[in-house]
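The primary structure of each chain is shown beneath.
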Amino acid sequence: MDEMLAAVRRFNEEPLEAKVPYYTRDVASKVRFSSNFDLFRSPAANWRDTMFVEMFPEVPSPEEIPPPCRGVLEEYAAAVRRLGERLFELMSEALGLPAGYLGRDAGGTDGLSVAAHYYPACPEPEATMGATKHSDPSFLTVLLQDTSGGLQAVLPRPPEERWVDVPPVAGALVVNVGDLLQLVSNERLRSVEHRVLPTGAAGPARVSVACFFSLAYSSTRPCVPVVGGGSGARAAAVYRSTTAGEFLAHYNGKGLDGRSALDHFRIPAAAASPPPPPQ
Ligand SMILES: O=C(O)CCC(=O)C(=O)O
Ligand SMILES: [Fe+2]
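Everything quoted here is computed from the prediction, not taken from an experiment. (Residues numbered from 1 in each chain as written. Chains lettered and ligands numbered in written order. Predicted model: local features only at pLDDT ≥ 70, side-chain atom pairs only at ≥ 80, totals over all residues.)

Peer 1: Would you explain the packing of helix α1 (residues 2-12) against helix α3 (residues 72-94) in this entry?
Peer 2: A pair of packed helices is captured by two measures, namely the crossing angle of their axes and the spacing between those axes. Their axes nearest at 10 Å, the elements α1 and α3 cross at an angle of 135 degrees. Between α1 and α3, the crossing angle belongs to the class labelled oblique. Note on packing geometry: the crossing formed by α1 with α3 is left-handed. Contacts from E3, M4 and A7 in α1 reach V72, L73 and Y76 in α3. The residue inventory of the contact of α1 with α3, partitioned by class, reads five nonpolar, no polar and one charged. (Axes fitted to C-alpha atoms, helices over the stretch in contact; angles between N-to-C directions. Helix = DSSP H or I, 4+ residues; strand = E, 2+ residues; numbered from the N terminus. Parallel < 35°, antiparallel > 145°, perpendicular 65-115°, else oblique. Left-handed = near helix turned anticlockwise from the far one by under 90°. Contact = placed C-beta atoms within 7 Å. Nonpolar A, V, L, I, M, F, W, Y, C, P; charged D, E, K, R; others polar.)

As structure tokens, this is what we get:
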């Protein structure tokens, strides 16, 4: 884990010329280095740079991965994939569903992408955010953070917003439930809203690596809320069925504006019955 963080730091701290070849916003590219994936779409920009790599199912060739991360990134992603497979089994069983439900049948383990973030020291930390409030466009996110701190999560969920620190713990990973898992579990599992405070002017830059169990924009994988199957299950779907690609297009088109991308897919509560006609 330390090696992974060190590799991301090395890449970001290389001279500009070494990073320029990876700079793109083209989602057809498996490796994309940019600042703010949602630039000009969200109300505010975040104080961070991100190297985004689609690792699975189509593994990039070593030459596509920036040299400082080559080898270590592939090895780290493979280990996270094995961890995710086990987590999906345990969560499926916890919901009273077959062990392979969330990972295999619902698509949780179909794809894995890695967002390696670099939050530079910020001269005016009170005037911006490292990452604004959001929940993740994934089934699950496995997050590795360095010792800087700054990650916070909302507990309990709105309208009673209370931000709590998620402090770094040596050797530990943070696992977030993402929006896609909230959708396919029909809201029995809830995605967690979180944010990252900016790194103070004194630095050093903060580094984190988020592994998203998610899919590509081109994915036509159906995402269907599971109805029934275990105690606590709802009898009716809370969300309309969609595809992973449609969900991601909506999430990215909206940008990190502080609102949940899931609202767009929620089935409106049945309209109250109209009053009886006057006699
Ligand atoms: O940098 C972090 O700790 C969080 C990153 C994050 O929330 C994300 O990539 O979705
Ligand atoms: Fe996130």
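Peer 1: When you look at the sheet that holds strand β5 (residues 140-145) in this model, what are you seeing that I'm missing?
Peer 2: In sheet architecture, strand pairing relies on hydrogen bonds along the backbone and comes in two forms, parallel and antiparallel. Reading across the sheet, the six strands line up as β1-β2-β3-β10-β5-β8 and stay open at both edges, with antiparallel pairing between neighbours. One side of each edge strand has no neighbouring strand; the edge strands of this open sheet are β1 (31-34) and β8 (174-177). Across this sheet, the average inter-strand angle for adjacent strands is 20 degrees, counted without regard to direction. For β5 and β8, the ladder comprises four bridges, and the chain directions are antiparallel. Counterpart to T141 in the pairing with β8 is N176. Docked against the sheet, α1 engages β2 (49-56), β3 (112-119), β5 and β10 (206-213), running at close to 115 degrees with respect to β10. Sitting on the sheet, α3 is in contact with β2, β3, β5, β8 and β10, with an inclination near 135 degrees to β5. (Pairing = 2+ DSSP bridges.)

Structural measurements only, silent on function.
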